[in-house]
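Structural characterization, general
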Amino acid sequence: MRTLMLFACLVAPISSAAEPPRDFCEYTVEGEATNRGSGGPSNVMSLHWMGPTQVGRSIATPLLINCGAGAQLNIDTVGRSSVDDVKMAPGRYAIDTKKPKKGAFGVRGSGFFSAEGELVISAWDTAHVAGTFSFKTNTGKRYTGAFDLRCPYAGNGVCR
């Protein structure tokens with residue numbers, strides 16, 4: 001039995017550190033080319049990642065993503081959503097600009113002001129937030145996208 005356990009330990013893959021975030025957000029409008037943008041403080045913000053006295057905290061929300069390059073999508077919490085409504089953890093959130101509820105997200109972009117769909121956060125910690133989204137706008141266009149964005153506040157005592 002010990003020989004079998006030793007063999008299993010020798011052939012088991014050695015786990016490596018998690019891959020670093022790729023620091024991007026991209027989206028596609030049905031039938032069009034993918035619009036891919038980078039991360040950074042202009043493209044992602046979260047109260048979860050900010051220290052109590054950090055500059056910009058007074059205007060921050062639980063999660064804001066500006067996605068793409070040039071014609072960006074603005075994905076942000078709606079209403080009076082708080083960090084209790086949008087926790088720093090994986091989760092599923094409604095995209096609903098028409099009847100916003102706490103914990104829901106709204107999306108704005110070039111040529112539309114309302115949308116309905118879903119934002120899926122697959123990973124969220126003090127290093128990054130990652131996930132996917134899909135929604136249909138009031139103009140009838142369908143959008144899909146993905147993101148893996150680094151916490152942009154290196155050295156603030158929160159981000160790692």
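All of the points below concern the structure found in this document. (Residues numbered from 1 in each chain as written. Predicted model: local features only at pLDDT ≥ 70, side-chain atom pairs only at ≥ 80, totals over all residues. Heavy atoms only, no water.)

1. Re the overall build of the protein
Which entries qualify depends on this criterion: Where helices and strands are cited, they refer to DSSP runs of H or I of at least four residues and of E of at least two residues respectively, numbered from the N terminus. Here the term buried applies to any residue with accessible area under 20% of the maximum for its type, exposed to any over 50%, and partly exposed to those in between, with areas from a 1.4 Å probe on protein chains only. Only heavy atoms enter the contact rule, under which two residues are in contact if any of them lie within 4.5 Å. Surface accessibility follows the Shrake-Rupley procedure with a 1.4 Å probe radius. Residue values consider only the protein chains on display as shielding.
Of regular secondary structure, the protein possesses one helix and ten strands. Start at the N end of the protein and walk to the C end: the helices and strands fall as α-β-β-β-β-β-β-β-β-β-β. Considering the protein as a whole, with its 160 residues, one finds that 44% of them fall into the buried category. The contacts of the protein with a sequence gap of at least 6 include a subset with a gap of at least 24, amounting to 52%. Of the roughly 9300 Å² of accessible surface on the protein, 55% is carried by carbon and sulfur atoms.

2. Here's the deal with the packing of aromatic side chains
Selection rule: A pair of Phe, Tyr and Trp rings is counted when the ring centres sit within 6.5 Å of each other, with Trp represented by its six-membered ring. The angle between the planes then sorts it: under 30 degrees is stacked, over 60 is edge-to-face, the rest tilted. Cation placement over rings: the criterion is NZ of Lys or CZ of Arg within 6 Å of the ring centroid and within 35° of the ring normal.
For the structure on display, the rule yields eight aromatic pairs. Considering the side-chain rings of Phe112 and Phe135, the 5.9 Å spacing of their centres and the 45 degrees angle between planes classify their relative orientation as tilted. With a gap of 23 residues between them, Phe112 in the loop between strand E7 (105–108) and strand E8 (115–124) and Phe135 in strand E9 (residues 128–137) connect regions that are remote in the sequence. In terms of burial, Phe112 and Phe135 fall into one category: buried. Arranged with centres 6.4 Å apart and planes meeting at 20 degrees, the rings of Phe133 and Phe147 form a pair that is stacked. With Phe133 in strand E9 and Phe147 in strand E10 (residues 142–150), this residue pair connects regions lying 14 residues apart in the sequence. Each member of the pair, Phe133 as well as Phe147, is classed as buried. Connected via pairs of aromatic rings, a cluster forms that spans Tyr27, Phe112, Phe133, Phe135, Tyr143 and Phe147. The ring of Phe24 carries the charged tip of Arg36 above its face, separated from the ring centre by 4.0 Å.

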